[in-house]
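Observations on chain architecture
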Amino acid sequence: MLSNLNLRATVLSLVMLVVFLGVWQLATAPEVLAPQQGEPSEYEQLMGGGSDRSSSSGIPAPTQVFSHAFGELSNPFYDAGPNDKGIGIQLAYSIYRVLLGFALAALIAIPLGFVIGMSPLLNKAFDPYIQILKPISPLAWMPLALFVIRDSNMSAIFVIFICSIWPMLVNTAYGVASVRNDWLNVAKTHQLSNLRTAFTVILPAAAPTILTGMRISIGIAWLVIVAAEMLVGGTGIGYYIWNEWNNLDLASVIFAIIMIGIIGFLLDASLAQATKFVRYAD
Amino acid sequence: MSKGFLEIENLSQRFPQPDSSDLMTVFEGVDVTINKGEFVCLIGHSGCGKSTILNVLAGLATPTDGNVIMDNKEITGPSLDQGVIFQNHSLLPWLSARDNVMFAVRARWPDWSKAKRREHAERYLHMVGLDHAMDRKPAQLSGGMRQRVGIARAFAIEPKLLLMDEPFGALDALTRGVIQEELLKIWSETHQTVFMITHDVDEAILLADRVLLMTNGPHAQVAESVTIDIPRPRERASLHQQDAYYPIRNHLVDFLVNGAKEMSAKAQAAAARGDNPRHSPRIVNPARPETNPEPGPRMVRAV
């Protein structure tokens, strides 16, 4: 019954994909019947509307996107100068920045969250700062980061750091603070030291919540890196999209959008997999 | 009175009340002596402070007054000398049954090798009949099996005093009966000193050497210490055929239905007069009423 359900869901998904691609293909097909009325407008000229490479709307047809994607993916790591690198290299830059910023954030947020979670005093003392800093758009930090760090690459990593830190901090503190009293009593009646209690009782008990925070963080980090790279430029998938927009190469833009989705999915799935190892049924 | 293994001396617990500056006295003046190897049950209505007494013995709660001395040392905090079995098993859900017991064994004997810890843990899991379920996590065990793991964990650290807070309260009657007999078996092999809270009169008669009866709160007291004069080994199936069974059972039920309330009223009146509440429980043997002392002077005192 379950495999039957999976099978039916897969079929339905494929049907949706085919319909979507079909509508897209039809909508972007050249309008053979309608004759051009006079000169193309200024906007159409800017958008490449007058040129022969485009379809009626300027949006590339799915077939164009796929043939472009095939070309890019068959040679993803070529490097022909600052403005012409393979999609693999651009994605690698973005992933590197996200992972580095995320790792630095985890290094600070998880121990700090642990301490905050264990101490009601620190919890209350830190709370106003966390509540005010958390809703700040990470990109708002960018000018300050550029001024202080004076390095665009490091500034992008800092922005990732600052946006990843809050979900991990808040979730770790919450997970640690809500460890069941029964389990803490078990640690007490077994005379465990504070350190042993932290590692053998509180950490495993809070691990699923901490991992959830990490999963939220990496999702946000991947959202933010595209915008950050559009600002700082140079390398990365965000810069790639902006560069291809300036080249009016919408097939590349659409291809990059799809790749961002796929990598984001893989980052999330890998942390979801990690969550399985620490999850426990209660 | 000679010094026993466990001396509870003039124990009182008072809590601040939300809408009054007066303290609310849960129980007071509790004086109880427990001998080594004794199995003692404590029965009383909800809210009389049974669990607080147990938590004080476990070192998890601090009494307002009085102290507890075990083996000539005052109990000031939780330790491995007091094993605790809580009502809600409190196993660590991310560890298998074996690892839960090994966790406790490691805390008790940190320098043991892993093989030795494992062997020790498995011996106690075997005693509670869980040979086939050692690798399962608590969520994969039935309620009765979880409580068995809790019992194995508590016995495995060989504490000086074993504390149980309604350990079978959440179990169905059939499972409860089976585990009670297992508990009796382990206890007869190890002769732990046990202090157990229960609501179940039959459970107390089956297990205990002595049953302590508590009056209702506030100002609750341990009023009686009822000797369970039934020879061991006891079996659930034949327990009610013992001559002593019905006198004891009637006495306990009568206390819970009538006595607890009446004595509670007297205790509250005495507290209002400002009498010293400290007193030892009256020792009663319902099976041999001729040996029972007259009720203490405090209980019959004219008002």
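Please read all numbers here as calculations on a predicted model, not as lab measurements. (Residues numbered from 1 in each chain as written. Chains lettered and ligands numbered in written order. Predicted model: local features only at pLDDT ≥ 70, side-chain atom pairs only at ≥ 80, totals over all residues.)

1. Comments concerning the overall build of chain B
- Within chain B, the secondary structure is distributed over eight helices and eleven strands.
- For chain B, the C-alpha radius of gyration of 20 Å lies close to 19 Å, the compact-globule estimate for 303 residues.
- Dimensions of chain B, computed from C-alpha atoms along their principal axes, come out at roughly 65 × 50 × 40 Å.
- A total of 303 residues make up chain B; the buried ones form 44% of that total.
- Considering only contacts in chain B between residues 6 or more positions apart, those separated by 24 or more positions represent 71%. (Helix = DSSP H or I, 4+ residues; strand = E, 2+ residues; numbered from the N terminus. Rg over C-alpha atoms; globule rule 2.2 N^0.38 Å. Buried ≥ 20, exposed ≤ 12 C-beta atoms within 10 Å, placed from the backbone. Contact = placed C-beta atoms within 7 Å.)

2. What about the confidence of the model for chain B?
Residue and element names in this part refer to chain B.
- Averaged over all residues, the pLDDT of chain B equals 87, while 95% of them reach at least 70.
- Confidence scores differ between elements of chain B, with helix 8 (residues 297-300) showing the lowest mean pLDDT of 44 and helix 2 (residues 97-108) the highest of 95.
- Scoring the predicted complex yields pTM 0.82 and, for the interface, ipTM 0.81. (pLDDT = per-residue confidence, 0-100.)

3. Examining the environment of B:Pro247
- Among the secondary structure elements, B:Pro247 is positioned in helix 7 (residues 245-273).
- A tally of 16 C-beta atoms within 10 Å means that B:Pro247 is categorised as partly exposed.

4. Section: the nonpolar core
- By size, the foremost hydrophobic cluster in this structure holds 139 residues, and its most contacted members are A:Val159, A:Ile160, B:Leu57, B:Val101, B:Ala152 and B:Val211.
- Not counting residues within four places of it along the chain, the set of residues in contact with B:Val211 comprises B:Cys41, B:Ile43, B:Ala204, B:Val226, B:Ile228 and B:Leu252. (Core = buried A, V, L, I, M, F, W, Y, C linked by C-beta atoms within 7 Å.)

5. Things to note about the interface of chain A and chain B
- Counting residues at the interface gives 14 residues for chain A and 17 residues for chain B.
- Elements with a contribution of two residues or more to the side of chain A that touches chain B: helix 8 (181-189) and helix 9 (194-232) of chain A.
- The dominant element in the side of chain A that touches chain B, judged by the number of residues it contributes, is helix 8 of chain A, at six residues.
- Here the residues of the side of chain A that touches chain B sort into seven nonpolar, four polar and three charged. (Nonpolar A, V, L, I, M, F, W, Y, C, P; charged D, E, K, R; others polar.)

6. Description of the sheet that holds strand 3 (residues 39-43) of chain B
Residue and element names in this part refer to chain B.
- If you trace the seven strands from one edge of the open sheet to the other, you get 6-7-8-3-9-10-11, paired in mixed fashion. The sheet is open, and its two borders are formed by strand 6 (82-85) and strand 11 (282-284), each paired with just one other strand. In this sheet, neighbouring strand axes are inclined to one another by 20 degrees on average, regardless of whether the strands run parallel or antiparallel.
- As paired strands, strand 6 and strand 7 (residues 161-165) are joined by four bridges and run parallel to one another. Among the inter-strand pairings, Ile-85 is bridged to a residue of strand 7, identified as Met-164.
- Running over the sheet, helix 4 (residues 143-156) touches strand 6 and strand 7 and is turned about 180 degrees from strand 6. (Pairing = 2+ DSSP bridges. Axes fitted to C-alpha atoms, helices over the stretch in contact; angles between N-to-C directions.)

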